[in-house]
Amino acid sequence: MPIATPEVYNEMLDRAKAGKFAYPAINVTSSQTLNAALRGFAEAESDGIVQISTGGAEFLGGQYSKDMVTGAVALAEYAHILAEKYPVNIALHTDHCPKDKLDGYVRPLIAISEERVKAGRNPLFQSHMWDGSAETLADNLQIAQELLERTRAANIILEVEITPTGGEEDGVSHEINDSLYTTVEDAIRTAEALGLGEKGRYLLAASFGNVHGVYKPGNVVLRPELLKELNEGVAAKFGKASPFDFVFHGGSGSTEQEILTALDNGVVKMNIDTDTQYAFTRPVAAHMFQNYDGVLKVDGEVGNKKAYDPRTWGKLAEASMAARVVEATQNLRSAGNKIK
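Since the model is a prediction, treat every value here as computed from it, not as a measurement.

Novice: Give a description of the packing of aromatic side chains that names residues and reports values.
Specialist: For the structure on display, the rule yields three aromatic pairs. With centroids separated by 4.9 Å and ring planes inclined at 65 degrees, the aromatic side chains of phenylalanine 208 and phenylalanine 248 adopt a geometry described as edge-to-face. Pair noted here: phenylalanine 208 is in the loop between strand 8 (202-205) and helix 8 (226-238) and phenylalanine 248 is in strand 9 (residues 246-248), with a separation of 40 residues, a long-range link. Considered together, phenylalanine 208 and phenylalanine 248 belong to a single accessibility category, that of buried residues. One residue, lysine 237, lies across the ring of phenylalanine 238, its end atom 6.0 Å from the ring centre.

As structure tokens, then:
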């Protein structure tokens, strides 16, 4: 199947919300990690989301120019071709974009999709994230309004993060403290500014104690039941049941019960990056240690070309990351739920 059309992407999100499951959103930084993500979704018979952060896009752009837009466009175009061979629907998304990178990343990418739509084509990416969590909520929502107007016109879904997620993600960092919990008042102000669908569809990354990066279960206090409070508080004011499509950020180390509670309370997308990075790298490290005399020219020897051929260890990395994607689909209940 091809990359999801705007209609199919909306159907994916609607099905997830109704079925109380979520799609893993897998960060990719190369053709190898893209193949691993697509393979994992296909093996799990799950539709899914592939996303590129600003740092990932810069890496994809090459270390000579480090151009984020070039990197993102190149992988997106490659994904449009590659996804045709996989029996699942895949949406392309850009992850975390703070204010100082909007003009160098998200706004140019939206402009590319605007031109594609004017020409009768589908957008290049199906959704983009605006991360205004480092700004005041008023400034955050003002920028979100401008972006939502453009994404709606280009048949794109916007993701917004209205309050901080702890830890660090591509240079945006927040302390781990009591500010990591979105309030009902925050949610109401968001609904007032962005509407509840009539101004354009958006995904909401609300904070319920989430932290980016690596942590063990128990080191972070997650309150996924807070999402229910946010939905109910906004529903009571605006009369629309379950108004938000929530995104779960900083999920590494979450317990099974925390994930299930989040799904039951409206999460339709969960970002997966740290765990898949490790899954990709772990077998590469094992291969290098186990074959050190083959990947290195030790004591004047010539090494073993089959050992240091990138395809040899690259296949191991792809298989390991794909297996972690399958695990994610099982945890999020999307496995076996692809659109027929």
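Alright, that's what it looks like, and here's the rest.
Novice: Describe the packing of helix 2 (residues 31-44) against helix 4 (residues 68-82), with residues and values.
Specialist: At a minimum axis distance of 11 Å, the contact between helix 2 and helix 4 shows a crossing angle of 40 degrees. Classified by the angle their axes make, helix 2 and helix 4 are oblique. Regarding helix 2 and helix 4, the two cross each other, and that crossing is right-handed. Between helix 2 and helix 4, the contacting residues are Ser31, Leu34, Asn35 and Leu38 on the first element and Leu75, Tyr78, Ala79 and Leu82 on the second. The residue makeup of the contact of helix 2 with helix 4, split by class, is six nonpolar, two polar and no charged.

Novice: Outline the environment of tyrosine 9, supporting the account with residue identities and numerical values.
Specialist: Topologically, tyrosine 9 is positioned in helix 1 (residues 6-19). Judged by relative accessible area, tyrosine 9 falls into the buried class, the value being 1%. Each C-alpha atom of the pair tyrosine 9 and alanine 91 lies 6.6 Å from the other, and the pair is 82 residues apart in sequence. Discounting residues that sit within four places of it in the chain, tyrosine 9 has contacts with Ala4, Ile49, Ala91, Gln126, Ser127, Ile157 and Leu203.

Novice: How would you summarise the nonpolar core if you had to cite specific residues and measurements?
Specialist: Among the nonpolar cores identified, the biggest contains 76 residues, and Tyr105, Val160 and Phe244 are the most heavily contacted of them. Ranked by residue count, the leading element in this core is helix 4, at eight residues. Residues contacting tyrosine 105, with those up to four places away along its chain left out, are Ile52, Ser53, Thr54, Ala57, Met68, Val69, Ala72, Thr94, Asp95 and Cys97. In terms of nonpolar packing, the next biggest core, distinct from the first, is built from 16 residues, Ala4, Leu13, Ile49 and Val247 among them.

Novice: Explain the pattern of salt bridges to me, using residue names and the numbers behind them.
Specialist: Summed over all chains, the structure comprises 16 salt bridges. Two residues, glutamate 114 and arginine 150, come together in a salt bridge whose shortest N-O distance is 3.0 Å. Highlighted residues: glutamate 114 in helix 5 (residues 106-118) and arginine 150 in helix 6 (residues 137-153), separated in sequence by 36 residues. Judged by its relative accessible area of 21%, glutamate 114 falls in the partly exposed class. Looking at arginine 150, the relative accessible area reads 22%, which means it is partly exposed. Between aspartate 309 and arginine 311 there is a salt bridge; the shortest N-O distance is 2.8 Å. Among the residues examined, aspartate 309 registers a relative accessible area of 14% and is labelled buried.

Novice: Any chance you could break down the pairing of strand 5 (residues 157-161) for me, citing the residues and the numbers?
Specialist: Burial runs high along strand 5: five of the five residues are buried. Covered by surrounding structure in strand 5 are Ile157, Glu159 and Glu161 together with Leu158 and Val160, the residues of both alternating faces. Between the parallel elements strand 4 (residues 127-131) and strand 5, the chain passes through helix 6 in a crossover that is right-handed. Across four bridges, strand 5 lies against strand 8 in parallel orientation. Its bridge partner lying in strand 8, glutamate 159 is registered against leucine 203.

Novice: Go over the packing of helix 2 against helix 13 (residues 310-331) with me, naming the residues and quoting the values.
Specialist: Where helix 2 meets helix 13, the closest approach of the two axes is 7 Å, and the angle between their N-to-C directions is 45 degrees. Between helix 2 and helix 13, the interaxial angle falls into the category oblique. Judged by the twist between their axes, the crossing of helix 2 over helix 13 is right-handed. Counting all contacts with helix 2, which are made through Gln32, Thr33, Asn35, Ala36, Ala37, Arg39, Gly40, Phe41, Glu43 and Ala44, the residues of helix 13 involved are Pro310, Gly314, Glu318, Ala319, Met321, Ala322, Val325, Val326 and Thr329. Looking at the contact of helix 2 with helix 13 residue by residue, the classes come out as 10 nonpolar, six polar and three charged.

Conventions adopted
- Every residue gets a number counted from 1 within its own chain, in the order that chain's sequence is written.
- It should be noted that, the model being predicted, local features are given only for residues of pLDDT at least 70 and side-chain atom pairs only at 80 or more, the latter also being counted only at that level, while totals for whole chains, interfaces and linings use all residues.
- The side-chain numbers reported here are obtained from all heavy atoms of the structure, hydrogens and water having been left aside.
- The criterion for an aromatic pair is that two Phe, Tyr or Trp rings (for Trp, the six-membered ring) have centres within 6.5 Å, with stacked assigned to planes under 30 degrees apart, edge-to-face to planes over 60 apart and tilted to the rest.
- Runs of H or I in DSSP of at least four residues are treated as helices and runs of E of at least two as strands, each being numbered from the N terminus.
- Note on classification: 1.4 Å probe, protein chains only; a residue is buried when its accessible area is under 20% of the maximum for its type, exposed when over 50%, partly exposed between these limits.
- Counting as a charge over the ring demands two things of the Lys NZ or Arg CZ atom: a distance within 6 Å of the ring centre and an angle within 35 degrees of the ring normal.
- Simply put, an axis is a line fit to the C-alpha atoms, just over the touching stretch for a helix, and the angle between two N-to-C directions goes from 0 to 180 degrees.
- Each angle gets one of four labels, with under 35 degrees taken as roughly parallel, over 145 as roughly antiparallel, 65 to 115 as roughly perpendicular, and the rest as oblique.
- Working rule for handedness: look at the near helix, and if it is turned counterclockwise from the far one by less than a right angle, call the crossing left-handed; if clockwise, right-handed.
- Working rule for contacts: check all heavy atoms of both residues, and any pair within 4.5 Å makes them a contact.
- Only Asp, Glu, Lys and Arg are considered charged in this grouping, and only Ala, Val, Leu, Ile, Met, Phe, Trp, Tyr, Cys and Pro are considered nonpolar; every other residue, Gly among them, is considered polar.
- Grouping buried Ala, Val, Leu, Ile, Met, Phe, Trp, Tyr and Cys residues that are joined through side-chain atoms within 4.5 Å yields what is termed a nonpolar core.
- Whenever Lys or Arg places a side-chain nitrogen within 4 Å of a carboxyl oxygen from Asp or Glu, that contact is recorded as a salt bridge.
- When the strands point away from the viewer, a crossover counts as right-handed if the path from the first strand over the helix to the second runs clockwise.
- At least two bridges found by DSSP between two strands are what make those strands a pair.

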